[in-house]
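Residues per chain are reported as follows:
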Amino acid sequence: HENLDLNLLVLDKIKNQDSYTYYVLARNENISEKSSFVSDKNFQIGDRIRANCNISWPNSNTNPYLFSYRKYLLSKKIKTKLDIKSYEKLGYSSSFFLKVKRNFRAYIDEIFGKNLSKESFMFVKSVILSEKYDKKEELSKLGIAHILAISGLHIDLLMSLILFLLIKSNFSYKIAYPLSLGICLFYGYLISFPFSVLRVLIIYSLSFLSFLFKKGKDMEKNLILAMLIILFINPFAIFNSGFFLSFLAGFAIYVIYPKLIRGKKYSYLKKYMIFIGNLQVVLAFHIIYYYGYINLLSFFANFIIVPIFTICMYLIFGIIFLYPILGELLSVFFIILDFLIKSILNEIIFFNAFKIFLIDFPKESILISFYYLVLLLLI
């Protein structure tokens, strides 16, 4: 349609290099749906806008194996894109949740923007707010882009930190667990529920229900049920590579890894090496299929970088909770965090210097077809 007058409510925003991508609820007397538009104007989450615009389908790939923006947006339950010709700001929405979402982003900008170097600040924004990161391609080539995506690892760390603090504060497990889960659910809302976060939150919820009803935990069934729930909510999630990557990782962590160490008296270091190796093997062919390459140094990069990143995440979450109370007293922790993030980025540059270990695969590789055939037979 052309020259439509729509009332827009900004639900989310993503910073691009020189513009912003906005996800909005578009409404008039005939239309009420999620849409998106790109603009160099800096709107805020919760802004209400009256706009004259054209509405159309997002672009789809016209050649095989290329990225389909239409399918990507559908996986986020967004059907259309807008081309805004003129607009008028009407003020802010009265929604409490949108206000909190906007204030949370401003809070992250305030505390980390003025206490970290620019490079470290952009890294923190990416891992906390799921914003775009300029050097993501370098991480992808090394097979560690998963540390940027808000994933099960982030929620595991946040959940364990909150549980630890609550139990140390004399809360019972029955009270501490749902409180921790509630905080993680609210954090999931603040970052718009990526599939990896939804997966782990559903699994945690099912695990808590099994605890309440005194039933044994079956992580394999919980994983399958989480997948079915997400697909029931949004069938178009099937088009999102992050959806597949998240559940393949879950399969490696909850199904394969316990079988590899069951009954074995391995040291912590050996268990960690098996965990990383198992994850790399399971995800390797998926990465080849979607990205067309794999780095043989990926195992070593993950082995070295993930523990440092884990410490960074504990520091980041700790600072977020404690900054309103302790403020400038946390300056030494900002210095440590800045140093650790810079060390991660330097290690990435070092590993990527060895181009000989980066193997490119043609689309569609016969290895992929062979791998999935074997995987299908095993299942």
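Model, not experiment: these values are computed from the prediction. (Residues numbered from 1 in each chain as written. Predicted model: local features only at pLDDT ≥ 70, side-chain atom pairs only at ≥ 80, totals over all residues. Heavy atoms only, no water.)

Student: Would you mind showing me how to read the sheet that holds strand β5 (residues 80-92) here?
Tutor: Within a sheet, adjacent strands bond to each other through the backbone by hydrogen bonds, running parallel or antiparallel. The five strands are arranged β1-β2-β3-β5-β4 in a closed barrel whose pairing can be described as mixed. Between one strand and the next, the sheet's axes are offset by a mean angle of 50°, whatever the strand orientation. Judged from the 10 bridges that link them, strand β4 (residues 47-56) and β5 form a sheet pairing that is antiparallel. Within β5, the position partnered with Asp-47 by the bridge is Tyr-92. The strands touched by helix α2 (residues 96-113) within the sheet are β1 (4-15) and β5, with β1 carrying the most contacts at an inclination of about 40°. (Pairing = 2+ DSSP bridges. Helix = DSSP H or I, 4+ residues; strand = E, 2+ residues; numbered from the N terminus. Axes fitted to C-alpha atoms, helices over the stretch in contact; angles between N-to-C directions. Contact = heavy atoms within 4.5 Å.)

Student: It is not clear to me how the layout of surface pockets should be interpreted in this structure. Could you clarify?
Tutor: Think of a ball as big as a water molecule: rolled over the atoms, this probe shows where empty space is left. If you add up the space inside the second largest pocket, you get close to 220 Å³. What lines the second largest pocket is a set of 14 residues, among which Lys-13, Gln-44, Asp-109, Lys-125 and Glu-131 lie closest to the centre. Where the lining of the second largest pocket is concerned, the elements lending two or more residues are β1, α2 and α3 (118-129). With four residues, α2 is the largest single contributor of residues to the lining of the second largest pocket. Grouping the amino acids of the lining of the second largest pocket by side-chain chemistry returns five nonpolar, two polar and seven charged. (1 Å grid on protein atoms, 1.4 Å probe; cavity = no way out; pocket = protein on both sides within 12 Å on 5 of 7 lines; lining within 4 Å. Points joined across faces, edges and corners; volume = space filled by probe spheres on them. Nonpolar A, V, L, I, M, F, W, Y, C, P; charged D, E, K, R; others polar.)

Student: Explanation requested: the nonpolar core in the structure shown.
Tutor: Generally speaking, nonpolar side chains in soluble globular proteins are found buried as a group. Grouped together as the largest cluster of nonpolar side chains are 67 residues, with contacts concentrated most on Phe-112, Ile-128, Ile-316 and Leu-337. In terms of residue count, helix α11 (residues 298-326) provides more of this core than any other element does, 12 residues in total. Those residues within four positions of Ile-316 in sequence are excluded, and the remaining contacts are Phe-112, Val-124, Val-127, Ile-128 and Leu-337. Counting 16 residues, the second largest nonpolar core, distinct from the first, contains Leu-6, Tyr-20, Phe-43 and Ile-49. (Core = buried A, V, L, I, M, F, W, Y, C linked by side-chain atoms within 4.5 Å. Buried < 20%, exposed > 50% of the residue type's maximum accessible area, 1.4 Å probe, protein only.)

Student: So what exactly am I meant to see when it comes to the environment of Asn-59 here?
Tutor: For Asn-59, the location among the structural elements is in the loop between β4 and α1 (69-74). Owing to a relative accessible area of 52%, Asn-59 belongs among the exposed residues under this scheme. For Asn-59, the residues in contact, after removing those within four places along its chain, are Ser-68, Tyr-69, Arg-70 and Lys-81.

Student: Is there a simple way to explain the confidence of the model for the protein in this structure?
Tutor: Regions with low pLDDT carry predicted coordinates that are not meant to be interpreted in detail. In this model, the protein carries a mean pLDDT of 85, and residues with pLDDT of at least 70 account for 94%. Summarising per-element confidence for the protein, the mean pLDDT is lowest in helix α4 (residues 136-141) (67) and highest in β4 (92). (pLDDT = per-residue confidence, 0-100.)

Student: Would you take a moment to explain helix α10 (residues 268-291) for this structure?
Tutor: Side chains three or four residues apart in an α-helix point the same way, a direct result of the helix having 3.6 residues per turn. An ideal rise of 1.5 Å per residue puts 34 Å on 24 residues; α10 measures up with 32 Å between its terminal C-alpha atoms. Of all bends in α10, the biggest is about 40°, found at Leu-283. When we look at burial in α10, the residues that qualify are Tyr-272, Ile-276, Asn-278, Leu-279, Gln-280, Val-282, Leu-283, Ala-284, His-286, Ile-287 and Ile-288. Gly-292 sits one or two residues past α10 and shows a positive phi near 80°. (Expected span 1.5 Å × (residues − 1). Bend = angle between axes of the 7 residues up to and from the residue.)

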